[in-house]
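Commentary on secondary and tertiary structure
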Amino acid sequence: MTDQVLEALQTSALARIQASASLADLEAVRVEVLGRKGTLAGISKEMGKLAPEEKARIGKLLNTAKQSLEQALERRTAQFEDAALDSRLASEWLDLTVPAPGIRPGSLHPVTLVQKEIEDLFVSMGFAVLSGPEVETEYNNFDALNIPQDHPARDMQDTFWLEGGNLLRTHTSPVQVRGMHRLGPPLRMIAPGRVFRNEEVDPSHEHTFYQLEGMMVDREVSVAHLIYFMKTLLKGIFKRDVAVRLRPGYFPFVEPGFELDIHCLLCDGAGCPVCKQSGWLELLPCGLVHPSVLRMGGIDPEEWNGFAFGLGLTRLAMMRYAIDDIRLLQGGDLRFLSQFGKASN
Ligand code: FA5
């Protein structure tokens, strides 16, 4: 009786293995027939009741059935795996004979392009290009620029303070301080660099942006010199006369101080989100260096004087390339950025 049951079981299990359509089907057969609680295990349990010779014979039959089913399962599994591999090979392939695409040439960032142009211009006029650290001391960022502790001017530039009392520089003006000590009078320097402010971001304000500081110290420097250099700068960048307006501006490190605004080139003065509908964009604050700043820089204000300016370099790049949202410059989107620069490696 058990012989026939076993035989029938084996035949039907083999048929199901052959007919299975997936690895999941196969697994179902394996669990049902060969599993710990499967049919073969059930028969095996029943064998305790049999006479010893019968037990040996049925045991043998059971083992043979088990082995043949296991082999059939293995073969069918291999068939499924081969088929899966074939279909992957058909879809995932690589033609090694196709020429490599090569290195994609990078391009310079619009801010870098404008910065380089200004550097060339000022170097041609005898200015040195200096750089200073982005992490500054409170002294260089504020005190040495005539902005004492508790002075309201400190609140004009929302500061990212660091542990230990240092800060992320809020402007490039601390490089004036470093430049005065390093170069001594007479001096002509510019200092482009990244600055940081804890500000609300909008189309014309970023928390991280670029400025370009400039300073000239000599004998009898006047506002006329300042205006000459500012005009030369703007003409050099825009290759044409651009309407500007000069109005009084307050910065503790210059006296007198000015705000030099540029006619918004994005809307041609009609008003847009970048110029806050005013038609003008704050771009180039400047003035004659305050005597206290010269003194703190180790320069005698009785003998020397000078001018300084702090150009909004990121905003200048926006005007130059008609970019109507400052955030585009920070986004890192190469589709946008690669439109401007010449290819370079
Ligand atoms: C200053 O930072 C002064 N240190 C400039 C200066 C230097 C004056 C030397 C006198 C002598 P202000 O905070 O206005 O000034 O910033 C200078 C320029 O940076 C602005 O005219 C503007 O063009 C740009 N700027 C300021 N804040 C932002 C911002 N959040 N995002 C983009 N550009 C900004």
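Predicted model, so just to flag it, every value in this text is computed and none were measured.

What about the packing of aromatic side chains?
- Taken as a whole and assessed by the stated rule, the structure comprises 9 aromatic pairs.
- Note on Phe 229 and Phe 307: the rings are 5.5 Å apart at their centroids and 40° apart in plane angle, and the pair reads as tilted. Taken together, the residues span a long stretch of sequence, with Phe 229 in helix α8 (residues 223-238) and Phe 307 in strand β10 (residues 305-312) at a distance of 78 residues. Of the two residues examined, Phe 229 and Phe 307, each falls in the buried class.
- Measuring from centroid to centroid gives 5.2 Å for Tyr 321 and Phe 340, while their planes differ by 65°, and the two rings are edge-to-face. Of this pair, Tyr 321 sits in helix α10 (residues 313-321) while Phe 340 sits in the loop between α12 (334-337) and β11 (343-344), placing them 19 residues apart in sequence.
- Classification of Tyr 321 by relative accessible area gives partly exposed; the value is 21%.
- Classification of Phe 340 by relative accessible area gives buried; the value is 18%.
- Through a chain of ring-to-ring contacts, the aromatic side chains of Phe 122, Phe 127, Tyr 228, Phe 229, Phe 307 and Phe 309 assemble into a single cluster.
- Here Arg 76 stacks its cationic end above the ring of Phe 80, 4.6 Å away from the centre of that ring.

Considering the site of the ligand
- If you check the shell around the ligand, you find 25 residues, and the closest are His 171, Ser 173, Arg 197, Glu 206 and Glu 282.
- Gln 211 has a polar side-chain atom sitting 3.1 Å from an oxygen atom of the ligand.
- Between the ligand and the protein, one listed contact pairs an oxygen atom with a backbone N or O atom of Glu 282 at 3.0 Å.
- In isolation the ligand has 680 Å² of accessible area, and contact with the protein removes 96% of it.

Quick word on the sheet that holds β10
- Reading across the sheet, the 7 strands line up as β2-β5-β6-β10-β9-β8-β7 and stay open at both edges, with mixed pairing between neighbours. Whereas interior strands pair on both sides, the edge strands pair on one side only; in this sheet they are β2 (128-129) and β7 (244-248).
- Taken together, the 2 bridges between β2 and strand β5 (residues 187-196) define a ladder with parallel strand orientation. Counted as the bridge partner of Val 129 is Ile 190 from β5.
- Packing of helix α5 (residues 110-124) onto the sheet brings it into contact with β2, β5, β6 (208-218) and β10, and relative to β5 it is tilted by some 170°.

Quick notes on the nonpolar core
- If you look at the biggest cluster of nonpolar residues, it comprises 46 residues, and the most contacted ones within it are Ile 118, Phe 122, Leu 284, Phe 309, Leu 311 and Leu 316.
- When residues of this core are traced back to their parent elements, those giving at least two are α5, β6, α8, β8 (254-263), β9 (280-289), β10, α10 and α12.

A short note on the side chain of His 290
- As for its placement among the helices and strands, His 290 is situated in the loop between β9 and α9 (291-296).
- Side-chain polar atoms of His 290 contact the backbone nitrogen of Ser 292, separated by 3.0 Å.

Quick word on the side chain of Asn 140
- Within the secondary structure layout, Asn 140 lies in helix α6 (residues 138-141).
- There is a polar contact of 3.2 Å between the side chain of Asn 140 and the side chain of Glu 136.
- Residue contacts for Asn 140: discarding those within four places in its chain leaves Leu 145, Pro 174, Val 177 and Arg 178.

What about the packing of helix α3 (residues 39-46) against helix α4 (residues 52-91)?
- Contact geometry of α3 with α4 gives a least axis separation of 11 Å together with a crossing angle of 170°. With respect to each other, α3 and α4 are oriented roughly antiparallel. For the pair formed by α3 and α4, the contact residues are Leu 40, Ile 43 and Ser 44 on the first element and Leu 62, Lys 66 and Leu 69 on the second.
- Considered class by class, the residues forming the contact of α3 with α4 number 4 nonpolar, 1 polar and 1 charged.

What counts as what
Residues numbered from 1 in each chain as written. Predicted model: local features only at pLDDT ≥ 70, side-chain atom pairs only at ≥ 80, totals over all residues. Heavy atoms only, no water. Phe/Tyr/Trp six-rings, centres within 6.5 Å; stacked < 30°, edge-to-face > 60°. Helix = DSSP H or I, 4+ residues; strand = E, 2+ residues; numbered from the N terminus. Buried < 20%, exposed > 50% of the residue type's maximum accessible area, 1.4 Å probe, protein only. Lys NZ or Arg CZ within 6 Å of the ring centre and 35° of its normal. Near = heavy atom within 4 Å. Polar contact = N/O pair within 3.5 Å; in protein donor to acceptor, adjacent residues only side chain to side chain. Areas by Shrake-Rupley, 256 points an atom, 1.4 Å probe, with all protein chains shown as cover. Pairing = 2+ DSSP bridges. Contact = heavy atoms within 4.5 Å. Axes fitted to C-alpha atoms, helices over the stretch in contact; angles between N-to-C directions. Core = buried A, V, L, I, M, F, W, Y, C linked by side-chain atoms within 4.5 Å. Parallel < 35°, antiparallel > 145°, perpendicular 65-115°, else oblique. Nonpolar A, V, L, I, M, F, W, Y, C, P; charged D, E, K, R; others polar.

All quantities given are derived from atomic positions and should not be read as evidence of function.
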